[in-house]
Amino acid sequence: MAAGSLKSRFSVNNIGEWFQKQARFIIPPVIALFFILGTWQILCSGKTPPLPPPSKVWQETQEYIWNPFFDRDYFDVSAADKTDSPARQALKEKLTIEKGLGIKTMVSLRRVAIGYTASAIIGISFGIAIGTNVFLYRAFDPIFQVLRTIPPLAWLPIAMSAFQGVNESLKSVGLDVTEAAALFVIFVTSIWPILMNTAVGVQQVPQDYRNVSRVLRLSKFDYFITILMPSAAPYIFTGLRIAVGLSWLAIVAAEMLTGGVGIGFFIWDSYNSQKSSELILALVYIGLVGFILDKVVYYVSKLVAQSDA
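Calculation criteria
Residues numbered from 1 in each chain as written. Predicted model: local features only at pLDDT ≥ 70, side-chain atom pairs only at ≥ 80, totals over all residues. Heavy atoms only, no water. Helix = DSSP H or I, 4+ residues; strand = E, 2+ residues; numbered from the N terminus. Buried < 20%, exposed > 50% of the residue type's maximum accessible area, 1.4 Å probe, protein only. Contact = heavy atoms within 4.5 Å. Phe/Tyr/Trp six-rings, centres within 6.5 Å; stacked < 30°, edge-to-face > 60°. Patch = residues over 30% accessible without salt bridge, like charges linked within 9 Å, V, L, I, M, F, W, Y side chains within 5 Å. Areas by Shrake-Rupley, 256 points an atom, 1.4 Å probe, with all protein chains shown as cover. Salt bridge = Lys/Arg side-chain N within 4 Å of Asp/Glu carboxyl O. Core = buried A, V, L, I, M, F, W, Y, C linked by side-chain atoms within 4.5 Å. 1 Å grid on protein atoms, 1.4 Å probe; cavity = no way out; pocket = protein on both sides within 12 Å on 5 of 7 lines; lining within 4 Å. Points joined across faces, edges and corners; volume = space filled by probe spheres on them.

A. Region of interest: the side chain of threonine 189. With respect to the secondary-structure elements, threonine 189 resides in helix H11 (residues 177-203). Look at threonine 189 and you get buried, because its relative accessible area is 11%. Residues in contact with threonine 189, not counting those within four places in the same chain, are Pro152, Leu246 and Ala250.

So this is what it looks like as structure tokens:
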């Protein structure tokens, strides 16, 4: 019976119906993408176009597209102990890039993960504190409203100046001044939406729920677990979703100034080298990664909070 049910579920008719349902979500963006690429190709097909057309971008960035995780240092070291085959030697000579865009993106994502995690832990903790205490909220809210309007990159110089004084301590944990400053920029950029949304979510806990907790004489821990967190979760995840996008924007901008390995510095280096095709490919990478990060937090929020937040 189970085999028959499974067979009927994956029948040709059901699969066809599934594709018909998905087609209305897939076909429109595909048509829009071809329209944009076609328009771009036409506008940039002159003798001296302001930007390379899509066909030229595709031709000039194939090394990065087909070898996103290429690491030339690792390749060379490994090759020292091995006999180069003709195919291996040809690939080594062909690849002129030091590291693939996949590696650069992973380095940037590692920085985002560290700064974003720190801001989530501190932002949610402090948001709950000021959301449940009127005095703390009145004391800190005006200050937070001023600090959250400061542009992310404005924090970078003061962070680098501050971390100069603790350079030796940073080295002991494997960081340098620029790396620590980049992490701080991510932290300070993403903490405000998390903190403020958490505080609002805590304040919006329905009064009826609070009355029920008093009637049932719930302990503070039980009230926190069974009432406060479930009620505030949609607001918290809204802040987390906004923050992850801001974090990704901040690290790209910060890496342009701090240098080193990362997708942000790759964009700046491509601009200085007048490699417009590589620059455009990096922008595509950034857009796709930002989209994926947003969707990951969204689906986690749907899973945890069971809400459309």
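B. Structural view of the packing of aromatic side chains. In total, this model carries 11 aromatic pairs according to the counting rule given. Here the aromatic rings of phenylalanine 126 and phenylalanine 140 are separated by 5.3 Å at their centres, their planes lie at 80 degrees, and the arrangement is edge-to-face. Of this pair, phenylalanine 126 sits in helix H7 (residues 101-132) while phenylalanine 140 sits in helix H8 (residues 134-147), and the two are 14 residues apart along the sequence. For phenylalanine 140, a relative accessible area of 29% corresponds to the partly exposed category. Taking 5.8 Å as the distance between ring centres and 75 degrees as the angle between the ring planes, the aromatic pair formed by phenylalanine 126 and phenylalanine 144 counts as edge-to-face. Of this pair, phenylalanine 126 sits in helix H7 while phenylalanine 144 is found in helix H8, placing the two residues 18 residues apart along the sequence. Since its relative accessible area comes to 28%, phenylalanine 126 is described here as partly exposed.

C. Representation of a nonpolar patch on the surface in the model. Taken together, Phe25, Ile26, Ile27, Val30, Ile31 and Phe34 make up a surface patch of nonpolar side chains, about 640 Å² in accessible area. Note that isoleucine 31 resides in helix H2 (residues 12-43). What makes isoleucine 31 exposed here is its relative accessible area of 56%.

D. Representation of the nonpolar core in the model. Counting 36 residues, the largest nonpolar core has Leu101, Tyr116, Leu240, Trp248, Ile251 and Ile263 as its most contacted members. When residues of this core are traced back to their parent elements, those giving at least two are H7, H11, helix H13 (220-258), helix H14 (263-272) and helix H15 (276-305). Here this core takes 13 residues from H13, the largest share from any one element. Apart from the residues lying within four places of it in its own chain, the contact partners of tyrosine 116 are Ile186, Ser190, Ile194, Leu240, Ala243, Val244, Ser247 and Val297. Within the second largest apolar cluster, 10 residues are counted, among which are Phe187, Ile191, Met196 and Ala199.

E. Representation of the layout of surface pockets within the structure. Of the voids in this model, the largest pocket is the one considered here, and its volume is about 350 Å³. In terms of lining residues, the largest pocket is bounded by 13 residues, among which Leu33, Leu37, Trp40, Leu281 and Val284 are the most central. At the level of secondary structure, the elements contributing two or more residues to the lining of the largest pocket comprise H2, helix H3 (54-60) and H15. Looking at the second largest pocket, its volume works out to about 280 Å³. When residues in the lining of the second largest pocket are grouped by element, the largest group, four residues, is from H14.

F. Region of the structure containing the pattern of salt bridges. All told, the structure shown has six salt bridges when counted by the stated rule. Each of Arg110, Arg111, Glu179 and Glu255 takes part in salt bridges that share partners, so that together they form one network.

Structural measurements only, silent on function.
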